[in-house]
Amino acid sequence: MASSTSPDPFAPPPPAPWVAPTEVESALLDAKQRGDWAAYFDTLARNHLYFEIERAAADATPSRTYAVFGRDPRVPGGRAWAVYTEGMLPAPEEHRVFDRVGLAFFARVWQPTDPSTIVVNPGSPCEAFLPTAPPHSAAWAQASERRGPPRPGPALRALRVGGPLYGSVAHGLACGALLCVNNGSLWNAMAWHGTGYTGERTRLREWWGITTREEWRGRLDELLGCRGSSSVWSFALALRQGIARDFGGLVDVGYWKQTAEKVLRAKAGGSLTLGPDGITRNDPLPEVETEAHVEGVRRLIGRITRYEARMRADGILDENRYVTSVEAWDLGRASKMARWGLGARFGTLKEAEAAVVRAGRAAAVEYRSWRDFSAGYILGRCLHFDDEEFGDWYTEMAAAHRILMSEPGSPWLNIPFR
């Protein structure tokens, strides 16, 4: 009689199969398992790579790079240069920071005193050992020369593991998805490294004038409070929304302009304000200033209606719908600002996560759907940057909107807006 062996009920379960965090690590693992090192090097050359740097030295001299080398008994001499792809980076820590480069960087800067081996994604199934010294480095160096620097294009990318896909944090992260798709970055990466420590600091300094934690915190609070956009935009849009509530349906543009003019002239004529010190009379505005305000708002209303017409034609706005507010532009940027500050180490992961959740909650109060949110974001961006050219400031967001409203893995199709 044949015998059989029953499974041991007390044996630990087999380990779960490793899941590659992103498509990059998946491609590396596939190439490694096939023994196709040309494909492995090509994948590295197409994507940005990260390595640890000395934070204090980078703060003192941002133009120079100070690599932190590690120990690995498996390599000659025991010293190794650990290099990571985006999905394999550890969570941000205050004193541990990383720089972002292309593969060609390592061949260009190598010195005889540097470690003899680069370890790609150490300890993972897609790990590989690359010799740093010529002539052995020629194989991987040629891939970077052939490819050139990484140029990520618009794409919907997500962490399969290590990033939220549902829940309040994911909802807040999805408020920044238009920018993530446009830049080809991971939309659900809460533990943000972005362009690397020095890159994120440069971004905040050059685009926002932020160089300190206090400045970052102040700007983040401003965006979360929806105070980062023009009050004139808010006035015009709120006025139209009030007219629509009173009369129903779409608001005639001519009537909108006339009403705006009446309100502005009434305000310019002087008014009484009740404050802590009693009633204060506000002096009337000079006529020339009033005329300038009226003409400016009339032009603004024309710009808004033309952008909305274009967004309807491009499928961003539904027919007979209009933008109710541009708060989405502030809240979407707040979602990203929280992460940029984390990458620059102006804030902690806990602070960034709390800000992201707050942005998502505010968006759910102000808008009805991801489509409405998107239209508000795009209008705000265009009013600020585009000047009715319908150039990259508009077309980039229109393309990102289409991706987010159509691709199966999109957070906008998988996360309820409310």
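Everything below is about the structure shown above.
Quantities reported herein were computed from a predicted structural model and do not represent experimental measurements.

Calculation notes
- Residues numbered from 1 in each chain as written.
- Predicted model: local features only at pLDDT ≥ 70, side-chain atom pairs only at ≥ 80, totals over all residues.
- Heavy atoms only, no water.
- Pairing = 2+ DSSP bridges.
- Helix = DSSP H or I, 4+ residues; strand = E, 2+ residues; numbered from the N terminus.
- Contact = heavy atoms within 4.5 Å.
- Axes fitted to C-alpha atoms, helices over the stretch in contact; angles between N-to-C directions.
- Core = buried A, V, L, I, M, F, W, Y, C linked by side-chain atoms within 4.5 Å.
- Buried < 20%, exposed > 50% of the residue type's maximum accessible area, 1.4 Å probe, protein only.
- Parallel < 35°, antiparallel > 145°, perpendicular 65-115°, else oblique.
- Nonpolar A, V, L, I, M, F, W, Y, C, P; charged D, E, K, R; others polar.
- Expected span 1.5 Å × (residues − 1).
- Arc of directions from axis to C-beta.
- Phe/Tyr/Trp six-rings, centres within 6.5 Å; stacked < 30°, edge-to-face > 60°.
- Lys NZ or Arg CZ within 6 Å of the ring centre and 35° of its normal.
- Left-handed = near helix turned anticlockwise from the far one by under 90°.
- Polar contact = N/O pair within 3.5 Å; in protein donor to acceptor, adjacent residues only side chain to side chain.
- Salt bridge = Lys/Arg side-chain N within 4 Å of Asp/Glu carboxyl O.

Trainee: Provide a residue-level description of the sheet that holds strand β5 (residues 117-120), including the pertinent values.
Mentor: In sheet architecture, strand pairing relies on hydrogen bonds along the backbone and comes in two forms, parallel and antiparallel. The four strands are arranged β2-β3-β5-β6 in an open sheet whose pairing can be described as mixed. The open sheet has two edge strands, β2 (70-71) and β6 (128-131), and neither has a second partner. Pairing geometry for β2 and strand β3 (residues 79-83), over two bridges, is antiparallel. Among the inter-strand pairings, glycine 70 is bridged to a residue of β3, identified as alanine 80. Here helix α2 (residues 37-46) sits on the sheet in contact with β5 and β6, set at roughly 85° to β6.

Trainee: Go over the nonpolar core with me, naming the residues and quoting the values.
Mentor: Membership of the largest hydrophobic core comes to 82 residues, with the highest contact counts inside it found for Met311, Met337, Phe373 and Leu379. Discounting chain neighbours no more than four positions away, the residues touching methionine 311 are Ile316, Leu317, Val323, Ala375, Ile378, Leu379 and Tyr394. Counting residues in each nonpolar core, the second largest holds 28 residues, with Ala58, Trp81, Phe106 and Leu130 among its members.

Trainee: I'd like a description of the environment of threonine 290, backed by residues and values.
Mentor: Topologically, threonine 290 is positioned in helix α12 (residues 287-313). Taking the relative accessible area as the measure of exposure, threonine 290 reaches 5% and is therefore buried. Separated by 22 residues in sequence, threonine 290 and alanine 268 place their C-alpha atoms 6.3 Å apart.

Trainee: Please set out the packing of helix α13 (residues 327-343) against helix α15 (residues 370-385) residue by residue, giving values where relevant.
Mentor: Contact geometry of α13 with α15 gives a least axis separation of 6 Å together with a crossing angle of 95°. By the criterion of interaxial angle, the relationship of α13 to α15 is roughly perpendicular. From α13, Ala328, Trp329, Leu331, Gly332 and Arg333 reach across to α15, where they touch Phe373, Gly376, Tyr377, Gly380, Arg381, His384 and Phe385. Grouping the constituent residues of the contact of α13 with α15 by class yields six nonpolar, four polar and two charged.

Trainee: How would you explain helix α9 (residues 213-224) if you had to name every residue and give the values?
Mentor: Each α-helix winds once per 3.6 residues, and so residues spaced three or four apart point in a common direction. The end-to-end C-alpha distance of α9, which contains 12 residues, comes to 16 Å, matching closely the 16 Å that a straight helix rising 1.5 Å per residue would cover. Restricting attention to buried positions, one finds in α9 the residues Trp216, Leu220, Leu223 and Leu224. Projected down its long axis, α9 shows its buried positions confined to an angular sector of 95°, all on one face. Residues of α9 that are buried in the fold lie against α8 (197-208), α13 and α14 (349-366). In the segment just after α9, cysteine 226 is the residue with positive phi, at about 55°.

Trainee: Kindly report on α8, identifying the contributing residues and their values.
Mentor: Here α8 spans 16 Å end to end across 12 residues, near enough to the 16 Å set by a 1.5 Å rise per residue. In this fold, the buried residues of α8 make contact with β1 (49-53), α3 (55-60), β4 (97-101), α9 and α13. The first or second residue beyond α8 is glycine 209, which carries a positive phi of 70°.

Trainee: Go over the packing of aromatic side chains with me, naming the residues and quoting the values.
Mentor: For the structure shown, the criterion picks out 22 aromatic pairs. Ring geometry for tyrosine 40 against phenylalanine 41: centres 6.4 Å apart, planes inclined by 90°, an arrangement best described as edge-to-face. When sorted by exposure, tyrosine 40 lands in the same class as phenylalanine 41, which is buried. Seen from their ring centres, phenylalanine 51 and phenylalanine 106 are 5.8 Å apart, and the 70° between their planes marks the pair as edge-to-face. Remark: phenylalanine 106 occurs in helix α4 (residues 103-109) and phenylalanine 51 occurs in strand β1; sequence separation between them is 55 residues. The exposure class of phenylalanine 106 is buried, given its relative accessible area of 2%. Grouping aromatic residues by their ring pairs yields a cluster made of Phe51, Phe69, Trp81, Phe105 and Phe106. Directly above the aromatic system of tryptophan 216 lies the positively charged group of arginine 217, at a separation of 5.6 Å from the ring centroid. Above the ring of tryptophan 329, the side-chain terminus of arginine 333 is found at 3.4 Å from the ring centroid.

Trainee: Kindly report on the packing of α9 against α14, identifying the contributing residues and their values.
Mentor: Angle between the axes and distance between the axes are the two parameters that describe a pair of packed helices. At their nearest, the axes of α9 and α14 sit 10 Å apart, and the two run at 15° to each other. By the criterion of interaxial angle, the relationship of α9 to α14 is roughly parallel. In terms of crossing hand, the pair formed by α9 and α14 is left-handed. Residue-level contacts link Arg213, Trp216, Arg217, Leu220, Asp221 and Leu224 of α9 to Glu351, Ala355, Arg358 and Ala359 of α14. Its residues placed into classes, the contact of α9 with α14 shows five nonpolar, no polar and five charged.

Trainee: Which residues make up the side chain of asparagine 47, and what are the values?
Mentor: Residue position: asparagine 47 is located in the loop between α2 and β1. Among the polar contacts listed, one links the side chain of asparagine 47 to the backbone oxygen of threonine 43, at a separation of 2.8 Å. Excluding residues within four positions of it along the chain, asparagine 47 makes contact with Val24 and Pro150.

Trainee: Residues and numbers for the side chain of threonine 22, please.
Mentor: Considering the arrangement of structural elements, one finds threonine 22 in the segment before α1 (23-34). Residue threonine 22 is classed as buried on the basis of its relative accessible area, which comes to 1%. Looking at threonine 22, its side chain comes within polar contact range of the main-chain nitrogen of valine 24, at 3.1 Å.

Trainee: Break down the pattern of salt bridges for me, citing the residues and quoting the values.
Mentor: Evaluation of the coordinates by the stated rule reveals 29 salt bridges. Of the charged contacts in the structure, one is a salt bridge between aspartate 42 and arginine 46, with a shortest N-O distance of 2.8 Å. Separated by four residues within a single helix, aspartate 42 and arginine 46 lie in helix α2, roughly one turn from each other. With a closest N to O distance of 2.8 Å, glutamate 127 and arginine 74 form a salt bridge. Taken as a pair, glutamate 127 in the loop between β5 and β6 and arginine 74 in the loop between β2 and β3 lie far apart in primary sequence, 53 residues in all. Here the salt bridges share partners, and the residues they tie into one network are Arg213, Arg217, Asp221 and Glu351.

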